[in-house]
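Fold and contact review
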Amino acid sequence: MKRVSRVHSVLVETISFSSLLQIGDSMVIDGCSRAIAVQREKELFFGSEGNFSAYPVFRHRIRFPEISPVPLLTRQERGSINVNRVHVTGLAASSILHIGSNEQTRLESRIKHIRQLESEDKKNGNGEIFIK
């Protein structure tokens, strides 16, 4: 049985990077977010950091567990989902705020963090960057 979703007030300050605000029913929600975050002591861009396939974290296949159907008997006392107020500071990196019914959800977020620090030689004027 489908239900009506009634929401009095929703305040979401930020939605970003494959995130979703869904009010109402949905069958399938499939979200994916990939990011490369490079932090350097000195501003410098090599131009080659944006290649996701260069990093194993983006190539590995995620194995989802087998989910056996669970016998379920539900009884809807009311024909609606009633929400008074929702306040969310932020949704990011393939996250979801969903008010309603949903049959299947799959969300994935992969982030590669890179921190590059100047070596002691660089700080002494020898001009090399040490990459960890």
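About the cut-offs
- Residues numbered from 1 in each chain as written.
- Predicted model: local features only at pLDDT ≥ 70, side-chain atom pairs only at ≥ 80, totals over all residues.
- Heavy atoms only, no water.
- Helix = DSSP H or I, 4+ residues; strand = E, 2+ residues; numbered from the N terminus.
- Buried < 20%, exposed > 50% of the residue type's maximum accessible area, 1.4 Å probe, protein only.
- Contact = heavy atoms within 4.5 Å.
- Core = buried A, V, L, I, M, F, W, Y, C linked by side-chain atoms within 4.5 Å.
- Salt bridge = Lys/Arg side-chain N within 4 Å of Asp/Glu carboxyl O.
- Phe/Tyr/Trp six-rings, centres within 6.5 Å; stacked < 30°, edge-to-face > 60°.

Looking at an unreviewed UniProt entry, one finds the protein chain named Spore germination protein GerPE and attributed to Caldibacillus debilis.

1. Points about the overall build of the protein chain
If you tally the helices and strands in the protein chain, you get 2 helices and 7 strands. Along the protein chain, helices (α) and strands (β) appear in the sequence β-β-β-α-β-β-β-α-β when read from the amino end. Burial statistics for the protein chain: of 132 residues in total, 18% are counted as buried. Taking as baseline every contact in the protein chain between residues at least 6 positions apart, the subset at least 24 positions apart corresponds to 72%.

2. Details of the nonpolar core
Proteins that are soluble and globular tend to have nonpolar side chains buried together. If you look at the biggest cluster of nonpolar residues, it comprises 7 residues: Val-12, Ile-81, Val-86, Val-88, Leu-91, Leu-97 and Ile-99. Among the elements that make up this core, the one with the highest residue count is strand β4 (residues 80–88) (3 residues). Setting aside chain neighbours within four positions, we find Val-12 in contact with Leu-21, Val-88, Leu-91 and Leu-97.

3. Some words on the pattern of salt bridges
In the structure shown here, the tally under the stated rule is 3 salt bridges. One salt bridge connects Arg-106 with Asp-30, and the closest N-O pair in it is separated by 2.6 Å. On the criterion of sequence distance, the pair formed by Arg-106 in strand β6 (residues 102–118) and Asp-30 in strand β3 (residues 26–40) is long-range, its members being 76 residues apart. Residue classification places Asp-30 among the exposed positions, given a relative accessible area of 54%. In this structure, Glu-108 and Arg-106 form a salt bridge, with 2.8 Å as the shortest nitrogen-oxygen distance. On the accessibility criterion, Glu-108 (11% relative accessible area) is buried. In this structure Arg-106 comes out as partly exposed when scored by relative accessible area, which is 30%. Each of Asp-30, Arg-106, Glu-108 and Arg-110 takes part in one network of salt bridges that share partners.

4. Description of the packing of aromatic side chains
Within this structure, the stated rule accounts for 2 aromatic pairs. Centre to centre, the rings of Phe-52 and Phe-58 are 4.8 Å apart; their planes meet at 75°, and the pair counts as edge-to-face. For Phe-52, a relative accessible area of 24% puts it in the partly exposed group. Residue classification places Phe-58 among the buried positions, given a relative accessible area of 10%. Relative to Phe-58, the ring of Tyr-55 has its centre 6.5 Å away and its plane inclined at 75°; by these criteria the two rings are edge-to-face. For Tyr-55, a relative accessible area of 17% puts it in the buried group. Three or more aromatic residues joined by ring pairs make a cluster, and in this case those are Phe-52, Tyr-55 and Phe-58.

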